[in-house]
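Spelled out from the first residue to the last, the chains are:
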Amino acid sequence: MTILDSLHHKMKILPVDTYDPSATMQPPAKPEQIEKPLEHFPNVPRDYLELIRLHNGMTFMYNIPGSILFIMRILSVEDAIDMMLDWHPYLIENMPNTFFFGQDGDEVYLYGTNNGKYGVYRVGIADGEWDGAEYIGKSLASILVEGEGWASY
């Protein structure tokens, strides 16, 4: 059973660059695409790899009552590598040993350890430091399946 098979009942999965549920989902990442982030970042989380093996990029969304919207766009392998190495290399300089895998507008999602606590964090691209990072949950699976970090709103 995959993360998508166990997705929280309130969470919606959408194609990566659209909020139109009738749009086509991305195909799975090819084995050679999956190897690319591992060449640069040996600590790529298993649940990110599981997701891109199903769809190489996707968006998760939940409209929280009171008009708060939780969105997590899972970057394709190519976009994740580009973000870390080309677009915003200062993020990995300021926050070493992290893996940036997702985005919501001007905020990025990453796996990392801050003050001894490992998990998924959200930080503004302009901030790009641990001082501005918000802990979301212990893993992508806990966020998407158990609703950690958003379902209690």
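Being a predicted model, the structure only gives us computed values, none of them experimental.

A few words on the overall build of the chain. Check the secondary structure of the chain and you find 5 helices and 7 strands. Taken from N to C terminus, the helices and strands of the chain fall in the order β-α-α-β-β-α-α-β-β-β-β-α. If you line up the chain on its principal axes, its C-alpha atoms span 35 × 35 × 25 Å. Expressed as a percentage of the 153 residues in the chain, the buried residues total 49%. Look at the contacts in the chain between residues 6 or more apart in sequence, and 50% of them connect residues 24 or more apart. Carbon and sulfur atoms provide 49% of the accessible area of the chain, an area that totals close to 7,700 Å².

Let us now look at the side chain of Gln-33. By the secondary structure assignment, Gln-33 is in helix 1 (residues 31-40). Within the structure, the side chain of Gln-33 is placed 2.4 Å from the side chain of Glu-78, a separation counted as a polar contact. Not counting the four nearest positions on each side in its chain, Gln-33 is found in contact with Pro-28, Asn-56, Val-77 and Glu-78.

This paragraph deals with the pattern of salt bridges. Under the counting rule described, the total for this entry stands at 4 salt bridges. We note a salt bridge from Arg-122 to Glu-107, for which the minimum N-O separation is 3.8 Å. Residue Arg-122 is located in strand 6 (residues 117-124), and its partner Glu-107 is located in strand 5 (residues 107-114); the two are separated by 15 residues in the primary sequence. Given the relative accessible area of 13%, Arg-122 is considered buried. For Glu-107, a relative accessible area of 32% corresponds to the partly exposed category. Each of Glu-107, Arg-122 and Glu-134 takes part in salt bridges that share partners, so that together they form one network.

The rules we used
Residues numbered from 1 in each chain as written. Predicted model: local features only at pLDDT ≥ 70, side-chain atom pairs only at ≥ 80, totals over all residues. Heavy atoms only, no water. Helix = DSSP H or I, 4+ residues; strand = E, 2+ residues; numbered from the N terminus. Buried < 20%, exposed > 50% of the residue type's maximum accessible area, 1.4 Å probe, protein only. Contact = heavy atoms within 4.5 Å. Areas by Shrake-Rupley, 256 points an atom, 1.4 Å probe, with all protein chains shown as cover. Polar contact = N/O pair within 3.5 Å; in protein donor to acceptor, adjacent residues only side chain to side chain. Salt bridge = Lys/Arg side-chain N within 4 Å of Asp/Glu carboxyl O.

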